[in-house]
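# Chain and residue survey
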Amino acid sequence: MIDARPFLELRGIVKRFPGVLALNGVSLDVRAGEVHALLGENGAGKSTLIKTIAGVYRPDAGDIRLDGRIASIRNPHDAQALGISTIFQEFTLAPDMTVAENIFLGREPLRVRALSIIDRKQLIRRTRDVLASLDLSIDAEATVRHLGVAQHQMIEIAKALSLDARLIIMDEPTATLTSHEIDRLFESIGRLKARGVAVVYVSHRLDEVKAICDRATILRDGAYVATVPVASTTVDEMIRLMVGRDLKDKFPKTAFDPGEEVLRVERLTRAGVLHGISFSVRRGEIVGIAGLVGSKRTETARAIFGADPIDSGRIFLRGTPVKVRTPADAIANRVALVPEDRKRQGIFAVLSVRENIVLSALRLFSRNGILDLRRETRRAQELVSALRVSTPDVEKRVLDLSGGNQQKVVIAKWLNTDAEVFLFDEPTRGIDVGGKIEVYRLMGDLLARGAAIVMISSELPEILGMSDRILVMRDGRICGEFDRADATEEKILNCALRGVSDPAA
Amino acid sequence: MNVRACGAVIALAAVVMTGCGRGKQSQEVATGIVPAGSTETAAPAAVTDYPRPAKPSRQYRIGIAIPHLANPHYVGQAYGYIDEAQQLGAQVTLLEAGGYEHLDKQVSQVEDLIASKVDAIILAAISGPGTVGVVEQAAAAGIPVINVNVMTDSDKVVTRIRSDDDVIGRMQADVMGYQLQNGGNVVMLRGAPGTSWAEIRGNAFRKQLAAKYPNVKILGEQYSQSTPADGLRLMEDFLQTFPQINGVYNGADSTAVGAAQAVKSAGKAGSIVMTATDFQLDTEKFIREGVITASILQQPVTMGRWGVRAAINHLEKKPVPPVMFTGLMTATKENLDRLDLTTLRAPSGWTPPVR
Amino acid sequence: MPAVILGLAVIFGTINPNFWSVTNMANVSRQMSILALLAIGQTFAILSGGIDLSVGSLLALVSVVCAQTMKTFGLVEGITAGLLAGTVAGLISGLIIARARVPAFIATLGMLVAARGAALTLSGGLPIAGLPREFLVLGAGYIGPFPIPTVIAATAFVLAHVILSRTRFGRYVYAMGSNEEAAVLSGINVANYKMLVYITSGLFAGLAGVILTARVISGQPTLGEVQELYSIAAVVIGGGRISGGVGGIGTTLMGVLVLGILGNGLNLVQVSSYIQNIVIGAIIVGAVWIDLARERRR
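Residues numbered from 1 in each chain as written. Chains lettered and ligands numbered in written order. Predicted model: local features only at pLDDT ≥ 70, side-chain atom pairs only at ≥ 80, totals over all residues. Heavy atoms only, no water.

## Observations regarding the sheet that holds strand β2 (residues 20–31) of chain A
Residues and elements named next belong to chain A. Just so we agree on the cut-off: Each pair of strands is called paired provided DSSP finds at least two bridges between the two strands. Labels follow the DSSP assignment, with helices taken as runs of H or I lasting at least four residues and strands as runs of E lasting at least two, numbered in each case from the N terminus. The criterion used for residue contact is that any of the two residues' heavy atoms lie within 4.5 Å. In this analysis, axes come from line fits to C-alpha atoms, helices being fitted only over the stretch in contact, and the angle between any two N-to-C directions falls in the range 0 to 180 degrees.
Spatially, β2-β1-β4-β5 is the arrangement adopted by the four strands of the open sheet, whose pairing is antiparallel. A strand with exactly one partner marks an edge of an open sheet, and here the two such strands are β2 and β5 (69–70). Along the sheet, helix α1 (residues 46–53) contacts β1 (6–17), β2 and β4 (61–66); its crossing angle with β2, the most-contacted strand, is approximately 60°.

Dropping the structure here:
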C-alpha cells in the first residue's frame, strides 16, 4: 500500500568530481511502499545518485529529507541508521560464514555483553524469523559460499530487512539472475511493498521496470528529466526521455572507401561469456560496438587479441586463419588493443613517455642486444609531435600527463608496431571534449593509412558519430547490426535494452 | 698436530717439574661420584699458573675476538681479559660475534682489528679452518695472534691457551664408566660444530669409554649451538628415540642445562647420569638437585688472564710456551660449597663493556 | 643521497681518522661486496614487482655445495658447482612464481626455508673444512690496492647496470614491475622474463656465496642468516620502491654504501652492534618515508 506522502525527498542535489559535473540539481521523491525505478544511460548519474543516498558520497549542494525532516547522511553508517539499505552489484557477504552470521554481522545478539559471547540460539531464531517474513526457504546455518547467486541476493534483502530498512536501493538486481529467479525476486519485492518498505530500483531492463515498478525517474547527463507513472508510460516513451538530445557535429569523420576485409571473426565462443560472435572489418572503416555494461564487448576484444582464451571459433586476418593464443601472437599479426582501463591495463605510470612508447617494439631499437636510447628518443619525439601529446619532453613520467595525453601515448605505442587492426575499448573515457576530438582525428589518420578499427564505446553519440557500421551486443551475443545511415540512438538502445532471449541460462 | 705433540710434551714437562703439586685450587673430589684415584687424571688441572709479568712501560693495544657473551664462561673469560689488561696497563677492544653461527662476522671483526693496527690479537675462534685466512693476514701484518679456548687450524698462531680438552673428555668418561658399572647406554651432546673443544672433548670421551669401559655403549651424538634451547630440544628427541638412556655427555654446559630440564620433565632426574663442562648458575642448581651428576670446570678467568699475559710477554720479546693448559676441577653435589670460583666467574654484578 | 653518504663519511672520518685509512677502506669494501652482490640480484627481483627472500639461505647452500664439490673434485669444479647451485635454486623459485603463479613472497619464503634445510642436510650440520689454500685468495686477495671481492662486486654492478638500463630484458623488468597487466597486453612474455629475473638473483647469490666461502675457507651451512633482509634494505634505502618499477642499480649502490659506511663507521666510533641495528632500522623507515613524502607533494 503506497503512502502518498514522500518518505525520501531529494532536492537540487549537485555533485562534482574533478573535471566532471556528475549531478546537476537532481530531485527525487520516493513514497513508502512504492517501487520507484531510476533510469538513464551509462553516465547519466544514476550510480552517483544512489551512492549519495547511501552515504558513500556527500552532495555539494541540495538537501535530503526523510519523513519531511532534513537528514544528515555523512557516511554509510548514518544512512543505515536512518533506515536506508543498499544492495550493490558487488555483493558484500562473507562467503565462508553462515547465512545467520552474515545477516547479523556486527550486531550479533550477545549472551554475555562484557565478553562478547554470541547467543547462537537467538542468532538462528532471529535469522529464521527474517527469512520467513520473506517466505524464503534458505537454511539459516548454511554457508554462503555454497548458495547460489540468487540466494545471495535474497540474503542481502533479508539483511536489509533485519536492519529495519525503510528504503532499499537495488542496483541492477537482475543482472545475474535467471528468469525463474527473477520471479522469486519480484515476489520478495511484493512482500516488501506490503510491509510499507520503499524500493529504489535501478535497472536497464525496461521490461522488468514495467513489470514491477510504480513510478520511474529519468536522468540524463546528470540532470533530472522527468518522473512518470510506469503503468501509463510506454517503453518507447521512456527511451525517448532517456536519450533526447541533439547530435551536434562534434565528430570529425571522413568517409573512406572501404578496402579489403582485414579482420573476420567467425562464431567466437567461450562458455558463459561469448556466444557465437561473428563480424568482419574492412580497411578504412570503423566498426562501432555498442551495448550495455555486462554485454561482454570487452571480452570480445580481449578474445580477438589473445588476452583471453576461446573455446571455439576462428579468426581470420587478411583472409588467412590465424591462431591467437597470446597478445604476442596478436601483435605479430599486426593487431593492437587499446584497453578499457588505462591505469590498470594501458600505461606504465612510473615510466617515461619514451619508455612507454617504445615498449612493444623494442626490437626496432636495439642493436646487438643493447638498446639505442637516442633512436628511442628520436622516435618518441616524432610520435609525440605527430599525435600532439602535450608534454615538455619525452622523459616525463606518464603518470604526470592528463588522461587524454596518456591515451595518446598508449596509441603511439601501437603505431610503433605496424598494427593494421586497432581494437579500441572506450577510447575517450575520462577525456575532456578537446581531447576526444584529438583522438577521433587520430583515428581518421589511422584509417587514411589503411588501418581497420573496431571501437567499443558506451557513449552513443560517439558510436553514431564515428562508426561506419554499428554492432549492438547484449549478453555476449550480437543482437543487431546497423549501417551509419540507418542508425539512431533509439534503435540502438532498443536493441540493447530489449531482448527476447533468456538472460544468462 | 706437530704443535700439539710438542705442546703435550711441554705440558707434561711442566707437570713433572712442578711435581704434581696442588695449586691454589684444591682438588677435593668426593668419592662415590667419580672413580677413586681419578685425581691422577685430574692432576694437570692443578698445575701452577702462568704468572703475571711486570707491568710493561708501553701501553699496548690488544684486540680480542670471541664468539659470544651469552654464558658465564665467556663472561668470565672477558673479565679475565679486561682485569688483567688493567693490571698490565694495556688497552683492550673486546668484540663478540653474537654466536657460533656468525663466522663471517668474526672474520670481519678480526679484519677490522688488523686495520686498526692493534699490537696483538687474542682470538677464540668460531671455526678452526674458517679463521685461518684472517690469522694469516694478521701474521702477515706483523700482529701476533693468540688462540684462547677455541683453536684455529694454523701454525701462525703464537700460542694456544685452553683447558686440556682431552682430559675433560676423559674425565667425563671416567665418571660415566664409574657410575654405570654394569654397563649402560649413553648419548652425546657435543656442542658447536667445527670448534676444537667440541671435537677434542668428544673424541677423548669416546676413546676413553672404548678403552676402559667397553660395556658402556654410545647410542647417538648430536652437534648444536651452545644454547639451553638446543640442549632441551635434542634431549627430548633423544628420550623419544631411545627408550633406555642411562647417561648423557655434554661438551658444553649450556646444552647441559637444557638437557637437564628435559630429563627432569621426563621424570628421570637422578636415574640418568649427566656429565657436563663448565659451571653456569643453572648447572650449579641442577647439580644440587642431583640432575647433573658431575661437571668438569674450566677456568675461563684464568684463560683470559693468561691470554693477556702471553700477549704482553710476546710483545716484550720474552719467550712464550706454544701450548698452555689452564686448570680443571670437578664439581659434584658433595663439594659444591667448597669450590673456589674466583677463576671461573666474573665477580657478581660485573658486566662486560660489550661492542 | 650521495650527499648523505659523503656527509656520513665526513662525520665518521672526523671522529676517527682511521676511517680514511687505506686498510679500512679496503676492509669495508671487501666486507660490503657480499651484500652488494645480493643487493644486485634483489634489485632485479624488486624492480620486477616481486622479491627474493631466499638469498640469505642460498649463501649457505652455495657454500656447502661449493665446499663439498671442491673437496672431491677440485678448485674450479667447486666454484662452478657453487654458482650452479645458486642459479638452479633461482630457476626453481622462478618456475614456482612464473608458472605455478605463486606470489613471489611465498615462493621465495619457501625457498628460504628449504635451501637452509638442504644446506644443513648436505653438510650434516657440520662445517666442511680442508679446502685448498689457493681458494683463500678469492676472498682475501688483492688486485693492486683493491680487494678481489670488491673488484668482482664492482664489475657486477657495471654489468647489471648495463643490463637493466640498456637491454630488452631490463626494460621488461621495469615494465612488469610498473604494471604487469599492461605488460601482458603489450605482448611481453611475462612468465619467461620473471623466470629470468629469479635466475639472475640466484646467480648473484651464488657468486656471493662462493666469495664468502673463500673468505672463511670452509663450507658453512649457517651463513647468511638475515642477509636477505639487508639486501632488501639496501634496495629500499637507495630509493627503490618495494612495489616495483622504480629504482635501479645506481640507487641500490647508494643503499649498499650507506649500510656499509654506517656499519663500519659506527664500529669505529665504538657504538655497540645492538644500537647499530636500531639505527639501521630507523634509517630504512626514514628513507622510505622521505621518498613517499616527496612523492605525495607532487
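## Some remarks on helix α9 (residues 281–289) of chain B
Residues and elements named next belong to chain B. To keep it simple, the criterion reads: Under the scheme applied here, a residue whose accessible area is under 20% of the maximum for its type counts as buried, over 50% as exposed, and between as partly exposed, the area being computed with a 1.4 Å probe on protein chains only. When we speak of the arc, we mean the arc of directions from the helix axis to the C-beta atoms.
For α9, the complete set of buried residues consists of Thr283, Glu284, Phe286 and Ile287. End-on view of α9: buried residues confined to an arc of 165°, all on one side of the axis. Just past α9, the residue Gly290 takes up positive phi, approximately 85°.

## Some details on the interface of chain C and chain A
Rules: Each of two parts loses accessible area, computed with a 1.4 Å probe, when they are put together; buried area is these two losses added. Put simply, a salt bridge is a Lys or Arg side-chain nitrogen that is within 4 Å of an Asp or Glu carboxyl oxygen. Two N or O atoms count as a polar contact when they lie within 3.5 Å, although within protein this holds only if one can serve as hydrogen donor and the other as acceptor, and sequence-adjacent residues are included solely when both atoms are side-chain atoms. Just so you know the grouping, Ala, Val, Leu, Ile, Met, Phe, Trp, Tyr, Cys and Pro go in nonpolar, Asp, Glu, Lys and Arg go in charged, and all remaining residues, Gly too, go in polar.
Contacts between the two partners involve 24 residues from chain C, matched on the other side by 34 residues from chain A. Interface area, chain C with chain A, both sides summed: about 2200 Å², of which 56% is carbon and sulfur. In this structure, C:Arg171 engages A:Glu376 in a salt bridge whose closest nitrogen and oxygen atoms are separated by 3.2 Å. Put simply, chain C and chain A have nine residue pairs in polar contact (both at pLDDT 80 or more) between them. The dominant element in the side of chain C that touches chain A, judged by the number of residues it contributes, is helix α8 (residues 168–178) of chain C, at six residues. Split by residue class, the side of chain C that touches chain A holds ten nonpolar, seven polar and seven charged.

## A word on the nonpolar core
Note the threshold: Side-chain atoms within 4.5 Å are what join buried Ala, Val, Leu, Ile, Met, Phe, Trp, Tyr and Cys residues into a set we call a nonpolar core.
Core analysis: the biggest nonpolar cluster contains 88 residues, and C:Ile40, C:Phe44, C:Phe135 and C:Val197 have the highest contact counts within it. For this core, the element with the highest residue contribution is helix α2 (residues 22–47) of chain C, accounting for twelve residues.

## Topic: the pattern of salt bridges
Evaluation of the coordinates by the stated rule reveals 56 salt bridges over all chains. When the shortest N-O distance is used, the salt bridge between B:Arg305 and B:Asp83 registers 3.0 Å. Placement of B:Arg305 in helix α10 (residues 300–315) and of B:Asp83 in helix α2 (residues 72–87) is noted, with a sequence separation of 222 residues between them. A relative accessible area of 13% means that B:Asp83 is categorised as buried. The residue B:Glu111 makes a salt bridge to C:Arg30 at a minimum N-O spacing of 3.9 Å. Placement of B:Glu111 in helix α3 (residues 103–115) and of C:Arg30 in helix α2 is noted, with the two residues assigned to different chains.

## Let's talk about the domain arrangement of chain A
Residues and elements named next belong to chain A. Rule in force here: Segmentation of the chain into domains, including their bounds, is taken from an automatic or database domain assignment.
In terms of domains, chain A is made up of domain 1 (6–243) and domain 2 (260–334 + 418–505). For domain 1 versus domain 2, the distance between C-alpha centres works out to 34 Å. Scanning the region where domain 1 abuts domain 2 turns up zero salt bridges. For the pair domain 1 and domain 2, the number of links is zero residue pairs in polar contact (both at pLDDT 80 or more). For the side of domain 1 that touches domain 2, a count of residues per class yields six nonpolar, four polar and four charged.

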